[in-house]
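Summary of structural features
Here are the chains, one letter per residue:
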Amino acid sequence: MPELLQFLLSGITVGAVYALVALGFTIIYNASDVVNFAQGEFVMLGGMITFFAHAAGLPLPLAALIAIIVTAGIGVALNKLAIEPARGAPVVSLIIITIGASIFIRGATQLVFDKQIHRFPAFSGDQPILIGGATILPQSLWVIAGALAVFVCLWLFFTRTLIGRAVLATANNRVAAQLVGINTNYVMTLSFAMSAAIGALAGVLVTPITLTSYDVGLALALKGFAAAMLGGMGNPKGALVGGLLLGILEAMTAGYISSQYKDAAAFVVILAVLFAMPQGLFGRKSTDRV
Amino acid sequence: MRLSSKATTLLILAAVIAIAPVFFPSSYYFRVGSLIFVNGLAVTGLVILIGYAGQISLGHAGFAGIGAYACALAPVHLGLHPALAAVLGALLSAAIAFLVGRPILRLKGYYLAVASLGFGILVSMVLSNEAQLTGGPDGMAVPELGLRAVLKAIGIDLSNTEFWYAFSGLVLVIGAWLALNLYHSPTGRALRALHGSEVAARTVGVDVAHYKLVAFVISAVYASVSGSLLALQNKFITPDVAGFMHSIEMVTMAVLGGAGSVLGAILGAAILTTLPQVLTVFQQYEQLMLGLVMMLVMIFMRAGLLPSIARRIRGRAE
């Protein structure tokens, strides 16, 4: 039993990171219909910039804040320089543009920083906490709390604020949103900034546990994409549940079946879900317009 | 006499392949050339899937992996000749594409992308994890094809790199010829119709699910043969051949040159294959440049390099 609990706890920790990446996907997808394969690079940037700012002598909270702000700026630049000029391009082109952006960011990071693996200290020490025979790192609690806080904030933002509703309106119908006076360009900028900031936050939270280097982004992007798909593209609740489910599933596979195939389990389940429910767990059924 | 666009394409391709060696200063260029042809073959398959049928796959390297490992494993375990092993790999790829394609191709856009991506990752994971069979991430040796020795016996003596340049060039021309024939066949018309609008195609009696599957299976066979050629040429293979980045490279080559045109896609393969070779001097800038090229071409030349340039030239002539 403690074994099961242990796998569950580590699964939820990893799942919370996937959920954060998936939430970032969801925001950009909602605003622009683009799946941003560079989402994982935001997580990488969050960790790397924090490490180097911290190593330069800044206190950790300030370093983390700088990392999140810089990454948000990079997200906005990505939108302005690469996504907006390509508006209306087919899905294949958009996939290649965002993958190109992800390779570009990776290349730039390895030039600006380095190719080493880095870690900065955990926020509340490394003393594991005992829960019913299983242990959890204090940093894991930070990760889980971070994911939940981001989810609640996003939910409040989209349902309770005017600008949040403007984002939803833009997602629904760009032209109609413009007609009722919504500044859709501002909405796009905001969405990319938020998405990148959430990615960077995930990087800041998880680096003390999983470490970071210039090339960790792609794997995270694929898992986050899969989590978003699992929950249903464009649905924040789906992103959260999809991310957590994926994390737990991986941990269980690694624990009970084979640690080599833990990544396989995720994709097997996603294929199964897509075959049975092509719109994901929480996705709405869509109809084609002719 | 006016040549059809099909004959023109094949002539240009064959002429470039035949004449280029005149300008090669060293055997290294033959090696790069044959790599271009091997990639070009896989990309020609993707032209059928992406350019003709309008479907996407981020997992085609999986089929290249099956073709490559068939050439490595079948001669050892089944005692097959490497050439037969390549055929077996192609058949296996076709069968797997048929089984996987049926449920996957019901999905559209990003959902299709993630499903095919998942398939590719599963294949590469099996290849790197079943180490007692495949040698794991370290890879494994592939036996000699033996065709060069046969040629030598009848008086054609080619160096190893020359032979592979000529052989993969020949296979590429055959592959391009088949793809162009397909374009003008009833199947090709059905594929283009469902690319334009699935509903419209269905209304005029096109079995959409069937034709999508046909395109998927054919492109899988192209990828598989390309993987086999790569394995036989290198005489060594690692699971990277089935990896996600290889899938992405293949799709990028196709779209970069112009996924709607066989010649364009092969040009894309040529550019992306030579780029890393040229950039070895600036190795630390390689990723930066690759990412930049991918973004710039997709933003400024949406139809891909060759169609965009062709349109510009035609526009000026008028």
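First, a word on scope: everything that follows refers to the structure included in this document.

The rules behind each value
Residues numbered from 1 in each chain as written. Chains lettered and ligands numbered in written order. Predicted model: local features only at pLDDT ≥ 70, side-chain atom pairs only at ≥ 80, totals over all residues. Helix = DSSP H or I, 4+ residues; strand = E, 2+ residues; numbered from the N terminus. Buried ≥ 20, exposed ≤ 12 C-beta atoms within 10 Å, placed from the backbone. Expected span 1.5 Å × (residues − 1). Axes fitted to C-alpha atoms, helices over the stretch in contact; angles between N-to-C directions. Parallel < 35°, antiparallel > 145°, perpendicular 65-115°, else oblique. Left-handed = near helix turned anticlockwise from the far one by under 90°. Contact = placed C-beta atoms within 7 Å. Nonpolar A, V, L, I, M, F, W, Y, C, P; charged D, E, K, R; others polar.

Here the focus is the environment of B:Ser185. Among the secondary structure elements, B:Ser185 is positioned in the loop between α8 (160-184) and α9 (186-196). By the C-beta count within 10 Å, which is 11 here, B:Ser185 ends up exposed.

Turning our attention to helix α9 (residues 217-231) of chain A. Residues and elements named next belong to chain A. Here α9 spans 21 Å end to end across 15 residues, near enough to the 21 Å set by a 1.5 Å rise per residue. When you tally the buried positions in α9, you get 14 out of 15 residues, the bulk of the element. Immediately beyond the C-terminal end of α9, within one or two residues, lies Gly 232, with a positive phi of roughly 110°.

Glancing now at the packing of α9(B) against helix α11 (residues 208-234) of chain B. To characterise two packed helices, one gives the angle between the axes of the helices and the distance between these axes. Residue and element names in this part refer to chain B. One can describe the packing of α9 onto α11 by two numbers: an axis separation of 10 Å at closest approach and a directional angle of 110°. Judged on the interaxial angle alone, α11 and α9 are roughly perpendicular. Where α9 crosses over α11, the handedness of that crossing is left-handed. Here α9 contributes Thr 187, Ala 190, Leu 191 and Leu 194 to the contact with α11, which in turn contributes Val 208, Tyr 211, Lys 212, Val 214 and Ala 215. Partitioning the contact of α9 with α11 into residue classes produces seven nonpolar, one polar and one charged.

Glancing now at the interface of chain A and chain B. Where interface size is quoted, it is often the accessible area lost as the parts come together. Each partner contributes residues to the interface: chain A has 37 residues there, and chain B has 32 residues. Those elements giving two or more residues to the side of chain A that touches chain B turn out to be α4 (91-112), α9 and α11 (262-276) of chain A. Among the elements that make up the side of chain A that touches chain B, the one with the highest residue count is α4(A) (16 residues). Within the side of chain A that touches chain B, the residues separate by chemical class into 29 nonpolar, five polar and three charged.

Our focus in this paragraph is the environment of B:His77. The residue B:His77 is located in helix α3 (residues 61-77) in this model. Taking the C-alpha atoms as reference points, B:His77 and B:Leu133, separated by 56 residues in sequence, lie 9.8 Å from one another.

Residue and element names in this part refer to chain B. One can describe the packing of α3 onto α11 by two numbers: an axis separation of 6 Å at closest approach and a directional angle of 45°. The angle between the axes of α3 and α11 places the two elements in the oblique class. As for how α3 packs across α11, the hand of that crossing is right-handed. Contact with α3, carried on its side by Phe 63, Ala 64, Gly 65, Ile 66, Gly 67, Ala 68, Ala 70, Cys 71 and Ala 72, involves Ala 220, Ala 223, Ser 224, Val 225, Ser 226, Gly 227, Ser 228, Leu 230, Ala 231 and Leu 232 of α11 and no other residues of that element. Of the residues in the contact of α3 with α11, the class split is 13 nonpolar, six polar and no charged.

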